Amino acid sequence: MALPSASRFPAPRGLYAITPDGLPAAELFARAEAALAGGTRLLQYRDKLAEPAERRPVAEALAAACARHGAALIINDDTELALAVGAPGVHLGKDDGDLAAARRRLGPGLLIGASCYADPARAAAAAPHVDYLAFGAVFPSSVKPGAVAAPLALLGAAKAAHGLPICAIGGITLANAPRVIAAGADWLAVITDLFSAPDIAERAAAYGRLFAEAGASAEPLL
């Protein structure tokens, strides 16, 4: 029997930091450490530019950093790398293999997230096999400028339909994040607004404060 989703998450909701592509390892580690120090409890290692052989030592170091901070490392698109480095989870897009097969491979205790874009049908198909559903781009994104727009109303609808934590991604900033939280997002996936900030730890902490402020009027899903 699968564990309840709550047992797999290091926190009920919050900032979900996603690493930028192409940074030198030392710079990536420094920025990730700052985000973790600021309160990030989900960190996704995503680097579409690195060669496979380069990714494992980076993932191992990030997994260790996350463990020190009580956070969970999620590996983007690579189930085998997640298993190899002992990461707590993996995030898979539509071209990254069958979600049911990924659950069998990872077992019941590891996190699996699925990109659902703006597609309720994909969310419905993914829901039995995953721990959270990700939708976006909720705002225009500099990382994926051609991404299909996902309306904020989709977040609450998916939560009601599937009872899973909801992650929003795409163009999220401190300025627009309250709207996304109010719409039903449990996790805000952020790249540019976090990792390009002059003080990454403070920016991460500021996102945490948004969730704390929203907590007075909305209970976490988990």
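The structure reproduced in this document is the subject of the present report.

1. What about the side chain of Asp131?
Residue position: Asp131 is located in the loop between α5 (120-126) and β6 (132-135). The buried category is assigned to Asp131, whose relative accessible area is 0%.

2. Observations regarding unusual backbone geometry
Ala137 follows Gly136 through a cis peptide bond whose omega is 20°. Mapped onto the secondary structure, Ala137 falls in the loop between β6 and α6 (153-162). Phi at Asp77 is positive, roughly 70°, even though this residue is not glycine. In this structure, Asp77 sits in the loop between β3 (72-76) and α3 (79-85). The residue Tyr117 is not glycine, and still its phi comes out positive at about 55°. Looking at the element boundaries, Tyr117 is found in strand β5 (residues 111-117). By relative accessible area, Tyr117 is classed as partly exposed at 26%.

3. Overview of the sheet that holds strand β7 (residues 166-169)
Pairing within the closed barrel is parallel, and its eight strands lie in the order β1-β2-β3-β4-β5-β6-β7-β8. Neighbour-to-neighbour, the strand axes of the sheet open up by a mean angle of 25°, direction not taken into account. Seen against the sheet, helix α4 (residues 99-106) touches β4 (89-92) and β5 and runs at an angle of roughly 165° to β5.

4. Some remarks on the packing of aromatic side chains
This model, assessed by the stated rule, comprises three aromatic pairs. On the numbers, 6.0 Å between centres and 20° between planes, the contact of Phe9 with Trp187 is stacked. With Phe9 in the segment before β1 (14-18) and Trp187 in strand β8 (residues 187-190), the pair connects residues that are 178 residues apart, well separated along the chain. Residue class for Phe9 comes out buried when judged on its relative accessible area of 9%. By the ring-pair criterion, three or more aromatic residues cluster together here, those being Phe9, Tyr16, Tyr132 and Trp187. The ring of Tyr117 has Lys94 sitting right over it, with the charged end atom 5.5 Å from the ring centre.

Thresholds applied
- Residues numbered from 1 in each chain as written.
- Predicted model: local features only at pLDDT ≥ 70, side-chain atom pairs only at ≥ 80, totals over all residues.
- Heavy atoms only, no water.
- Helix = DSSP H or I, 4+ residues; strand = E, 2+ residues; numbered from the N terminus.
- Buried < 20%, exposed > 50% of the residue type's maximum accessible area, 1.4 Å probe, protein only.
- Pairing = 2+ DSSP bridges.
- Axes fitted to C-alpha atoms, helices over the stretch in contact; angles between N-to-C directions.
- Contact = heavy atoms within 4.5 Å.
- Phe/Tyr/Trp six-rings, centres within 6.5 Å; stacked < 30°, edge-to-face > 60°.
- Lys NZ or Arg CZ within 6 Å of the ring centre and 35° of its normal.

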